[in-house]
Amino acid sequence: MYKSFHIKNFKRFSDLKISGLERINLITGKNNVGKTALLEAIFLHSGRYNASLANRIYTFRGISLTIEFSKWAASPWDSMFHKFDTSKIIEFKGKHNEREIVVTLKVLKNPEELAEVQNLIQKSPDINKTLSLFTDDFKTLQLEFKENSEKTKKEKKITGKNHIIFTPEGLL
């Protein structure tokens, strides 16, 4: 059960903090104020181990993703970022009972970050071909999560990174 939830740079929210959450919470508001975006943020946060959920929020709204592969083409995730600014990082922070979970989403463009992902791909036994993420033919989204638990006096941390990579052939 969430006790609090914090959203940064997601859709219409540049910085939204919600505290005092209980077992049942009522979300109300006029049209186009962010009720669904709030639920999508919670959905992405709760599915922190599955980066492909970022694509599913479009499906829920009945939107099909169209992806262009060129230097100036937008990434398929641009509309998830506040004011379409993919230079910033989306952050969801939720407090559950004795845990704090932070999830970040970012479009990878930096050569060092792309090199790290490329190394992971090349080490994967599931992918047979050699790829270069340094071309305009790839769109890469990184989901990173950190969990801190204080159930005992020792603090336990769980971290991980997942990636979605679109190629002209499809999802990698």
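Scroll up to find the structure this text is about.
(A) Highlighting the overall build of the chain. Across its full length, the chain holds three helices and seven strands. Here the chain holds 172 residues, and 38% of them are scored as buried. Taking as baseline every contact in the chain between residues at least 6 positions apart, the subset at least 24 positions apart corresponds to 58%. As displayed, the chain offers around 10900 Å² of accessible surface, 50% of which is attributable to carbon and sulfur atoms.

(B) The arrangement of the nonpolar core in detail. If you look at the biggest cluster of nonpolar residues, it comprises 29 residues, and the most contacted ones within it are Phe10, Trp77, Met80 and Phe92. Ignoring any residue separated from it by four or fewer positions in sequence, one finds Phe10 in contact with Ala37, Glu40, Ala41, Leu44, Ile57, Met80, His82, Ile90 and Phe92. By size, the runner-up hydrophobic cluster in this structure holds six residues, among which are Leu108, Ile121, Phe138 and Ile165.

(C) Structural view of helix 3 (residues 111-123). Compared with an ideal rise of 1.5 Å per residue, which puts 13 residues at 18 Å, helix 3 spans 18 Å between its outermost C-alpha atoms and is within 8% of the ideal. Taken together, the buried positions of helix 3 are occupied by Leu114, Val117, Gln118 and Ile121. Looking straight down helix 3, one finds that the buried residues subtend no more than 105° of arc, so they occupy a single side. For helix 3, exposure combined with an orientation more than 90 degrees from the buried face picks out Glu112 and Lys123. For helix 3, the N-terminal cap is Asn110; the gap from its side-chain oxygen to the backbone nitrogen of Glu112 is 2.7 Å.

(D) Molecular detail of the side chain of His82. Inspection of the secondary structure assignment puts His82 in the loop between helix 2 (53-60) and strand 3 (90-96). His82 sits in the buried class, given a relative accessible area of 17%. Among residues more than four places away in sequence, those in contact with His82 are Asn9, Phe10, Lys11, Arg12, Phe13 and Ser14.

(E) Quick peek at the packing of aromatic side chains. Counted by the stated rule, this structure contains six aromatic pairs. Note on Phe10 and Phe92: the rings are 5.1 Å apart at their centroids and 80° apart in plane angle, and the pair reads as edge-to-face. A residue pair is termed long-range when its members are at least 10 positions apart, and Phe10 in strand 1 (residues 2-10) and Phe92 in strand 3 qualify at 82 residues. For the pair formed by Phe10 and Phe92, the shared burial category is buried. When the centroid spacing of 4.8 Å and the interplanar angle of 80° are considered together, the rings of Tyr49 and Phe145 count as edge-to-face. In this pair, Tyr49 sits in the loop between helix 1 (35-46) and helix 2 while Phe145 sits in strand 5 (residues 139-149), placing the two residues 96 residues apart along the sequence.

Reading guide: rules and limits
- Residues numbered from 1 in each chain as written.
- Predicted model: local features only at pLDDT ≥ 70, side-chain atom pairs only at ≥ 80, totals over all residues.
- Heavy atoms only, no water.
- Helix = DSSP H or I, 4+ residues; strand = E, 2+ residues; numbered from the N terminus.
- Buried < 20%, exposed > 50% of the residue type's maximum accessible area, 1.4 Å probe, protein only.
- Contact = heavy atoms within 4.5 Å.
- Areas by Shrake-Rupley, 256 points an atom, 1.4 Å probe, with all protein chains shown as cover.
- Core = buried A, V, L, I, M, F, W, Y, C linked by side-chain atoms within 4.5 Å.
- Expected span 1.5 Å × (residues − 1).
- Arc of directions from axis to C-beta.
- Polar contact = N/O pair within 3.5 Å; in protein donor to acceptor, adjacent residues only side chain to side chain.
- Phe/Tyr/Trp six-rings, centres within 6.5 Å; stacked < 30°, edge-to-face > 60°.

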